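Tertiary structure, described
Here are the chains, one letter per residue:
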Amino acid sequence: MPRQLLVVLLACLLLPLRALAGDTAWLVTWTASPQAPWTGDFPLPLGVPERLWQQTIRQKARISIGGHRVRVLLSNEYGTQPLLIGAAHLALAGPGAAIVAGSDRVLTFGGQPTALIPPGAPLLSDAVDLDVGALATVSVSLYLPQPTPVSTFHWDARQTAFVGNGDQTGAALLSTDAQLQSRLFVRDIIVEAPATARTVVAFGDSITDGNGSTPDAQHRWPDFLAARLAGDQVAVLNAGISGARLLRDRMGASALARFDRDVLSQPHLRTVIVLMGINDIAWPGHVFAPTDAPVTADAIIDAYRQLIARAHLRGVRIVGATLTPFEGALAGTPFAGYYRAERDALRRDVNRWIRDGGEFDAVVDFDALLRDPQRPQRMLPRYDSGDHLHPGDAGYRAMADALDAGRLFGGG
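Residue positions within a chain follow its written sequence, with the count starting from 1. Selection of residues for local features in this predicted model requires a pLDDT of at least 70, selection of side-chain atom pairs for listing and counting requires 80 or more, and totals for whole chains, interfaces and linings are taken over all residues. Side-chain numbers here rest on the full set of heavy atoms in the structure, without hydrogens or water.

A separate point is the overall build of the chain. Put simply, DSSP H or I for four residues or longer makes a helix, DSSP E for two residues or longer makes a strand, and each gets a number counted from the N terminus. Counting secondary structure elements, the chain contains 10 helices and 24 strands. For 412 residues, the compact-globule estimate of 2.2 N^0.38 gives 22 Å, and the C-alpha radius of gyration of the chain, at 23 Å, lies within 12% of that figure. For every residue, the accessible area (1.4 Å probe, protein chains only) is compared with the maximum for its type, and the residue is labelled buried under 20%, exposed over 50%, or partly exposed between those bounds. Every one of the 412 residues in the chain was classed for burial, and the buried ones make up 54%. Contacts are assigned to residue pairs with any non-hydrogen atoms lying within 4.5 Å of each other. For the chain, contacts bridging at least 24 residues in sequence account for 81% of all contacts bridging at least 6. Here, Shrake-Rupley sampling with a 1.4 Å probe gives the accessible areas, and only protein chains in the shown set may cover a residue. Total accessible area computed for the chain in this model is approximately 16,600 Å², and 55% of it derives from carbon and sulfur atoms. His residues and chain termini do not enter the charge count, which takes Lys and Arg as positive and Asp and Glu as negative. A single reference atom marks each charge: NZ on Lys, CZ on Arg, CG on Asp, CD on Glu. Averaging the locations of the 37 positively and 40 negatively charged side chains of the chain gives two centres separated by 3 Å. Each radius of gyration is computed over the set of C-alpha atoms, and the globule rule expresses the reference value as 2.2 Å times the number of residues to the power 0.38.

In structure tokens form, the structure reads like this:
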């Protein structure tokens, strides 16, 4: 065979391999599930201003897997009027309200630096070239030139956001007039990642949202899991909402209502971990839901079965997590009375089904992990944040460590 022909044939054979090796896909690397603000008859304060006007808000997010190009998804899902974005920038985050020099990028939308987001809609930015490594922290700065009601937010961010007057979206250090512990209008950070990357979603309530963990430290259990899996090109997304319930809305939509939006819509989704139900059990008759009728174990199990069926319809693996111990929860606060013995009995009934029902693809027993062996209805002190409901940093780390590859991805 002539040498030139051999070279051509080898090149033809190698081209598909090179193309395959270089294949990429857009993947969500960080998310914050949107919520609508609640009314004043609910006992928890919103902790956000009624509106922003001629102000910049700079918000930080630690991503899971990285990439060389980035997009941002904004949300006006619960807005009743168009949301005007006067300017938007993306950068690598520095300390406090600063960004890393040389990393600032203007975000555009259809080539334009401003955008009008219709009520109820999301808006995806154009892609920008920015090298973001795995577990990098990025900063999204939005300028809101018109009176802008805070209509779509994520209440329990565990991350400080910074608000300053005027358009400071490109400022190296934002001059701050206020700080928030909630996220406003930013829903997803999206990267161009290897096409072989996979996504795991943590779907839950305040224990998944990280309540009780150290703010700004990235010590929620999905954070610890993301840190462990980022090197394997696995994106871990936190779709927790503090106060979330399986069956009813209030601090966000119910699990049954938001499962498609927050979980099943994610590109390259492989696995979802469900840790939810304690608020369904404890809220009825409590100050959070004084007029709600108690739920039954059958109602909670039926909700799990719906999530299982809907996940399997999309070919998604679903892992059930047992509900954690909560004796003494919120004692000494205005929200005392969350725990009752009959509620704990219901929790244990639900946990028996999760463990023994055989309907989840796998089970992670957070109850057995976190409980005090001498008093199993109560959390072990070294894992307790101090409110007897939410784990602290050590508890969240232990939860992430319990999720091994076999539970997450099966034996295949």
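Looking now at the sheet that holds strand E11 (residues 137-144). Strand pairing is defined by DSSP finding a minimum of two bridges between the two strands. Strand order in the open sheet formed by six strands is E7-E6-E11-E3-E14-E15, with antiparallel pairing between adjacent strands. Strand pairing shows two members of the sheet lacking a second neighbour, strand E7 (105-106) and strand E15 (178-180), which therefore form its edges. Pairing of strand E6 (residues 87-92) with E7, which is carried by two bridges, proceeds in the antiparallel orientation. Paired with leucine 90 across the strands is arginine 105, a residue of E7.

Lines fitted to C-alpha atoms define the axes, with helix axes restricted to the stretch in contact, and inter-axis angles between N-to-C directions lie between 0 and 180 degrees. In the contact formed by helix H3 (residues 221-229) and helix H9 (residues 393-401), the axes pass within 8 Å of each other and the chain directions differ by 50°. The angle between H3 and H9 places the two elements in the oblique class. Viewed along their axes, H3 and H9 form a crossing whose handedness is right-handed. Contacts between H3 and H9 involve Trp221, Phe224, Leu225 and Arg228 on the former and, on the latter, Asp393, Tyr396, Arg397, Met399, Ala400 and Asp401. Residues are grouped as follows: Ala, Val, Leu, Ile, Met, Phe, Trp, Tyr, Cys and Pro are nonpolar; Asp, Glu, Lys and Arg are charged; all remaining types, including Gly, are polar. Of the residues assigned to the contact of H3 with H9, the class counts are six nonpolar, no polar and four charged. Throughout, the term roughly parallel applies to angles under 35 degrees, roughly antiparallel to angles over 145, roughly perpendicular to angles from 65 to 115, and oblique to all others. Two helices cross in a left-handed way if the nearer one is turned anticlockwise from the farther one by less than a right angle. They cross in a right-handed way if the turn is clockwise.

Let us look at the sheet that holds strand E18 (residues 198-204). Read from one edge to the other, the open sheet built from five strands follows the order E19-E18-E20-E21-E22, with strand pairing classed as parallel. Edge positions in the open sheet fall to strand E19 (234-240) and strand E22 (362-364), since each of these has one partner strand only. In this sheet, neighbouring strand axes are inclined to one another by 20° on average, regardless of whether the strands run parallel or antiparallel. Bridging between E18 and strand E20 (residues 269-275) involves six bridges; their strand directions are parallel.

We now examine helix H6 (residues 297-313). A rise of 1.5 Å per residue sets the reference length of H6, with its 17 residues, at 24 Å; its end C-alpha atoms lie 24 Å apart and thus fit the reference within 8%. Burial in H6 covers these residues: Ala297, Ile300, Ile301, Ala303, Tyr304, Leu307, Ile308 and Ala311. The arc that holds the buried residues of H6, viewed along the axis, is 155°, so those residues lie on one side. Along H6, exposed side chains directed more than 90 degrees from the buried face belong to Asp298 and Leu313. Close packing links the buried residues of H6 with E18, helix H4 (255-264), E20, helix H5 (278-282), strand E21 (317-321) and helix H7 (341-356). Positive backbone phi, at 75°, marks glycine 315, one or two positions downstream of H6. Multiplying one less than the number of residues by 1.5 Å gives the expected span of a helix. When we speak of the arc, we mean the arc of directions from the helix axis to the C-beta atoms.

Only rings of Phe, Tyr and Trp enter the pairing, Trp through its six-membered ring, and a pair is recorded when the two centres are within 6.5 Å. The plane angle decides the type: under 30 degrees is stacked, over 60 is edge-to-face, the rest tilted. Inspection of the entire model under this criterion finds 14 aromatic pairs. When the centroid spacing of 5.6 Å and the interplanar angle of 65° are considered together, the rings of tryptophan 38 and tryptophan 155 count as edge-to-face. A residue pair is termed long-range when its members are at least 10 positions apart, and tryptophan 38 in the loop between strand E1 (24-31) and strand E2 (51-52) and tryptophan 155 in the loop between strand E13 (153-154) and strand E14 (161-165) qualify at 117 residues. Side by side, tryptophan 38 and tryptophan 155 carry an identical accessibility label, which is buried. Ring centres of phenylalanine 326 and tyrosine 339 lie 5.0 Å apart, and the angle between their planes is 70°; this geometry places the pair in the edge-to-face category. Placement of phenylalanine 326 in the loop between E21 and H7 and of tyrosine 339 in the loop between E21 and H7 is noted, with a sequence separation of 13 residues between them. For phenylalanine 326, a relative accessible area of 0% translates into the label buried. An aromatic cluster is defined as three or more aromatic residues linked by ring pairs; in this entry it consists of Trp38, Phe42, Phe153, Trp155, Trp283, Phe288 and Phe335. Over the ring of tryptophan 26 we find arginine 71; its NZ or CZ atom is 5.3 Å from the centre of that ring. Here, a charge over a ring means that NZ of Lys or CZ of Arg falls within 6 Å of the ring centre while also lying within 35 degrees of the ring normal.

Turning our attention to the environment of aspartate 223. As for its placement among the helices and strands, aspartate 223 is situated in helix H3. Counting along the chain gives 159 residues from aspartate 223 to serine 64, while the straight-line C-alpha distance between them is 8.1 Å. A distance of 3.4 Å separates the side chain of aspartate 223 from the backbone nitrogen of histidine 219, its partner in a polar contact. Contacts described as polar in this section are N or O atom pairs within 3.5 Å, which, within protein, must combine one atom able to donate a hydrogen with one able to accept it, while residues neighboring in sequence count only if both atoms come from side chains.

Attention now goes to H4. Counting buried positions along H4 gives seven out of 10 residues, so the element sits mostly inside the fold. Along H4, the residues that are buried comprise Ala255, Arg258, Phe259, Arg261, Asp262, Val263 and Leu264. On its buried face, H4 sits against strand E17 (186-194), E18, E19, E20 and H6.

Once that is clear, we can look at the pattern of salt bridges. We define a salt bridge as a contact between a side-chain nitrogen of Lys or Arg and a carboxyl oxygen of Asp or Glu at a distance within 4 Å. With the rule as written, the count across this model stands at 25 salt bridges. Taking the shortest distance from any N to any O, the salt bridge between aspartate 344 and arginine 348 comes out at 3.1 Å. Taken as a pair, aspartate 344 and arginine 348 lie in helix H7 at a separation of four residues, close to a single helical turn. Taking the relative accessible area as the measure of exposure, aspartate 344 reaches 3% and is therefore buried. Note on arginine 348: relative accessible area 39%, which makes it partly exposed. Salt bridges linked by common partners bring Asp344, Arg347, Arg348, Arg355, Asp365, Asp367 and Arg371 together as one network.

Note that every value here comes from positions in space, so none of it alone points to a role or purpose.
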